Amino acid sequence: MKPRPKILGRLLTEAGIVTEESLARALVEQRARRLRIGETLVSMGLATEEDVARSLAAQLSLPYAPPPLRPTGPARLLVSDQLSEERRIVPLAAGPRHVQVAMADPLDLATVDDLQFQTGRRIEAVVASPGAIEVALAGSGEDLEQLLASLPEELRLGGRLEDGDLENATRAAPVVKLVDHILRRAVDEGASDIHLEETGRDVRVRYRVDGLLRQAVELPAASRRAVLSRIKVMAGMDISVRRRPQDGSIPWNRGDHRLTLRVSTLPVNGGEKAVVRILDPESAPRSLDALGLAAPDRSRVRSLLAVGEGVILVAGPTGSGKSTTLFAALSETDRETQNVVTLEDPVEYRLAGANQVHVDPKAGLGFAEALRAVLRQDPDVVMVGEIRDRETAEIAMTAAVTGHLVLSTIHTTDAPGAVTRLLNMGVPPFLVAGGLRGVVAQRLVRRACTTCRGAGCDACSDGHRGRTGAFQVLAITDAIRDEIVGDARTQRLRLLAREAGMGTVAEDARRALAEGLTTPHEIGRLLHSDPGTSLPCPACAGAVPMQAFACPHCGRRRRWHCGCGKTLERGWRFCPWCVRPAPGADIAA
């Protein structure tokens, strides 16, 4: 009869690593903490990870791999980096029919099955400590030169691939590893988008980091179709369709972190372009405090939310962080006692306690249709991803008038412009005046690196790391409502909003600079970006408010006023209303 294998604790005592008394104490602790005996011994400082791994290998009659773990090239090509990181394993060596893999838990049969499916070879488990595996994974990434060198010759030197060969290439280890490298590096660098596009001779891969596109990788032109086809396969697209746009998504695991990669392809001259949007569903801001709002603006937004009814809009161009602001506001709502529903295209963030609806216009579920349906579901708070048309705007305003809180976004350059946009859509003025509660306009500016304070260092490269917002908050007052019901002139709306305490995005950017959140270079592009609120000074080119008498930067007079209050034209010698001499006029001449 074959002898029964000894338990791990007994092997450790026989090896003189732990005493009987220490093992007894560890067994009590194990039952209390519900850990494995090896983990318990390590946590109590009674044994090292290597002691446990060596004894576990003896218990299971498997080889033991001491650190450092050194994976070979063929094994790394067979097992993707994503699977290695997901399962916390290290491929050590490969033969024609087997792959040797270091595992902290060789009894994890699900991982063994996944490895056999991916490699098509028998898996030979080797026991290694968790620490050795983590160290190996941290330094296991191949550099780009190695990955490009491992591509088949026809993909490096321009050989032509038929569709059948192309499909095989997308599943071959070199292309799989190359695409994994591109995606993994983008995630590591905090990119929001990946652009893959032809430049004529090569394929350019660019990452959008903190709002700016920057060069990341150049691939041989011949590899373009294989790389794009690999991404299409991962996203569930048809690789044979190249002359019409396609959309798809890729679930992507980075350790314990689950991301969604949204893929879009577009036919362009000479081929296709692909853009991969990287979405982190778990990264929704916890509160308005995370956005960078000034304290008065933050209080104003919270006051608008506290009313519990009306429409609150977030305005700004594409990529200005509008959805993030919406979810920060939603994070402060009471989702336990209220019915909170979001309508999104697509669902970007997960919000616990909210009912999130994926709007799909192609399936007949546009924002207007979805909003009508939601209003029959007894909602308290509704978030509409975007107001794009009159129908959606009218339904949102009607819902607000009947006591619902509606949050949405709109594409305008400033907060008062959102009012004008709604009216230009054809929404009746009485609905806008009655339903609109407030507007938050915003831009994103790059944060100054906290390590080098904008000087540039290894952590940031150019002095910036991450982004914060510059905001403008408009609370609708009775005077503004009266103006909306009247002729709603944009300039008059801006003046009334300023009187009610609204600042400008440029002023808030200066506030962020004064607080050390950003750099002078970064806010330069925003200082003259509030259309309709200022004009350039002819003397110094500084921004002069529309109603100002003079430039606040150099003092050059812009308007001349008589003592009776009327505005005078330059060159007038007398006021035509009261016939007084104009200020500074030479009457004697």
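Above: the structure in question.
Residues numbered from 1 in each chain as written. Predicted model: local features only at pLDDT ≥ 70, side-chain atom pairs only at ≥ 80, totals over all residues. Heavy atoms only, no water.

### Comments concerning the overall build of the protein
Right, on to step 1. Each helix and strand in the protein was counted, giving 23 helices and 20 strands.
Right, on to step 2. Each of the 589 residues in the protein was classed as buried or not, and the buried ones make up 46%.
Right, on to step 3. Considering only contacts within the protein whose residues lie at least 6 apart along the sequence, 54% involve residues at least 24 apart. (Helix = DSSP H or I, 4+ residues; strand = E, 2+ residues; numbered from the N terminus. Buried < 20%, exposed > 50% of the residue type's maximum accessible area, 1.4 Å probe, protein only. Contact = heavy atoms within 4.5 Å.)

### Digging into the layout of surface pockets
Right, on to step 1. Estimates place the volume of the second largest pocket at around 700 Å³.
Right, on to step 2. What lines the second largest pocket is a set of 26 residues, and nearest its centre among them are D247, G248, R262, D345 and P346.
Right, on to step 3. Going through the elements one at a time, β4 (193-198), β7 (246-254), β8 (257-268) and β9 (271-279) are the ones with two or more residues in the lining of the second largest pocket.
Right, on to step 4. Tallied by class, the residues present in the lining of the second largest pocket amount to 10 nonpolar, 6 polar and 10 charged. (1 Å grid on protein atoms, 1.4 Å probe; cavity = no way out; pocket = protein on both sides within 12 Å on 5 of 7 lines; lining within 4 Å. Points joined across faces, edges and corners; volume = space filled by probe spheres on them. Nonpolar A, V, L, I, M, F, W, Y, C, P; charged D, E, K, R; others polar.)

### Some points on the nonpolar core
Right, on to step 1. Counting 42 residues, the largest nonpolar core has L313, L343, L422, L436, V439, L474 and I480 as the members making the most contacts within it.
Right, on to step 2. For this core, the leading source of residues is helix α17 (residues 390-401), giving 6 residues.
Right, on to step 3. Dropping the residues within four chain positions of it, L313 is found in contact with I387, S408, I410, A418, L422, L436, G438, V439 and V440.
Right, on to step 4. Formed by 32 residues, the second largest nonpolar core is a distinct cluster that contains V187, L228, A235 and M237. (Core = buried A, V, L, I, M, F, W, Y, C linked by side-chain atoms within 4.5 Å.)

### Some words on the pattern of salt bridges
Right, on to step 1. Scanning the entire structure with this criterion turns up 29 salt bridges.
Right, on to step 2. The salt bridge involving R36 is made with D105; its shortest N-O contact spans 3.2 Å. Of this pair, R36 sits in the loop between α2 (20-33) and α3 (37-43) while D105 is found in the loop between β2 (98-103) and α7 (109-119), placing the two residues 69 residues apart along the sequence.
Right, on to step 3. The exposure class of R36 is exposed, given its relative accessible area of 52%.
Right, on to step 4. Residue D105 is classed as partly exposed on the basis of its relative accessible area of 26%.
Right, on to step 5. One salt bridge connects R204 with E197, and the closest N-O pair in it is separated by 3.1 Å.
Right, on to step 6. Taking the relative accessible area as the measure of exposure, E197 reaches 10% and is therefore buried.
Right, on to step 7. Beyond isolated ion pairs, a larger network of salt bridges with shared partners links E197, R204, R206 and K273. (Salt bridge = Lys/Arg side-chain N within 4 Å of Asp/Glu carboxyl O.)

### Let's talk about empty space enclosed by the protein
Right, on to step 1. Enumeration over the complete set of coordinates arrives at 4 cavities of 30 Å³ or more.
Right, on to step 2. L288, L293, V301, L305, I312, V314, T325, L326, A329, L407 and V440 together form the lining of the largest cavity.
Right, on to step 3. Of all the secondary-structure elements, those providing two or more residues to the lining of the largest cavity are α14 (295-307), β10 (310-315) and α15 (322-331).
Right, on to step 4. It is α15 that contributes the most residues to the lining of the largest cavity, 3 residues altogether.
Right, on to step 5. Classifying every residue of the lining of the largest cavity by side-chain character gives 10 nonpolar, 1 polar and no charged.

### Concerning the environment of H181
Right, on to step 1. Tracing the chain through its elements places H181 in helix α12 (residues 173-188).
Right, on to step 2. Residue H181 is classed as buried on the basis of its relative accessible area, which comes to 8%.
Right, on to step 3. Taking the C-alpha atoms as reference points, H181 and Q82, 99 residues apart in sequence, are found 9.3 Å from one another.

### Examining unusual backbone geometry
Apart from glycine, the bulk of residues carry a negative phi angle, and the bulk of peptide bonds sit in the trans form.
Right, on to step 1. Note the cis peptide between D345 and P346, where omega equals -5°.
Right, on to step 2. Relative to the helices and strands, P346 is located in the loop between β11 (340-344) and β12 (355-358).
Right, on to step 3. A positive phi angle is found at D210, which is not glycine, with a value near 55°.
Right, on to step 4. Take D210: it is sitting in the loop between β5 (202-209) and β6 (212-220).
Right, on to step 5. The backbone of V579 sits at a positive phi, close to 60°, despite the residue not being glycine.
Right, on to step 6. Mapped onto the secondary structure, V579 falls in the segment after β20 (567-568).
Right, on to step 7. Judged by relative accessible area, which is 60%, V579 ranks as exposed.

### Some words on the packing of aromatic side chains
Right, on to step 1. The tally for this structure, following the rule as stated, stands at 2 aromatic pairs.
Right, on to step 2. Considering the side-chain rings of F327 and Y349, the 5.1 Å spacing of their centres and the 70° angle between planes classify their relative orientation as edge-to-face. Placement of F327 in helix α15 and of Y349 in the loop between β11 and β12 is noted, with a sequence separation of 22 residues between them.
Right, on to step 3. For F327, a relative accessible area of 2% corresponds to the buried category.
Right, on to step 4. By relative accessible area, Y349 is classed as buried at 12%.
Right, on to step 5. Ring plane angle 50° and centroid distance 6.2 Å describe the contact between W572 and W577, whose orientation is recorded as tilted.
Right, on to step 6. The ring of W577 carries K566 above its face, with NZ or CZ at 5.7 Å from the centroid. (Phe/Tyr/Trp six-rings, centres within 6.5 Å; stacked < 30°, edge-to-face > 60°. Lys NZ or Arg CZ within 6 Å of the ring centre and 35° of its normal.)

### Here's the deal with the pairing of strand β15 (residues 436-448)
Right, on to step 1. Across the 13 residues that make up β15, a large majority, 11, are buried.
Right, on to step 2. Where β15 lies against strand β16 (residues 464-475), 10 bridges are found, and the strand directions are antiparallel. If you follow V440 over to β16, its bridge partner there is V473. (Pairing = 2+ DSSP bridges.)

### Considerations on the sheet that holds strand β1 (residues 89-94)
Right, on to step 1. The strand order across the open sheet formed by 3 strands is β1-β2-β3, and the pairing between neighbours is mixed. The sheet is open, and its two borders are formed by β1 and β3 (122-127), each paired with just one other strand. Neighbour-to-neighbour, the strand axes of the sheet open up by a mean angle of 30°, direction not taken into account.
Right, on to step 2. For β1 and β2, the ladder comprises 5 bridges, and the chain directions are antiparallel. When the sheet's bridge partners are listed, V90 is paired in β2 with A102.
Right, on to step 3. Along the sheet face, α7 touches β1, β2 and β3 and points at about 135° away from the line of β3. (Axes fitted to C-alpha atoms, helices over the stretch in contact; angles between N-to-C directions.)

### A look at the packing of helix α18 (residues 415-425) against helix α21 (residues 490-499)
Right, on to step 1. Their axes nearest at 9 Å, the elements α18 and α21 cross at an angle of 140°. Taken together, α18 and α21 sit at an angle that is classed as oblique. In this structure, the crossing between α18 and α21 has a hand that is right-handed. Every residue of α21 that contacts α18 at P416, V419 and T420 is listed here: T490, L493 and R494.
Right, on to step 2. Across the contact of α18 with α21, the residue classes break down as 3 nonpolar, 2 polar and 1 charged. (Parallel < 35°, antiparallel > 145°, perpendicular 65-115°, else oblique. Left-handed = near helix turned anticlockwise from the far one by under 90°.)

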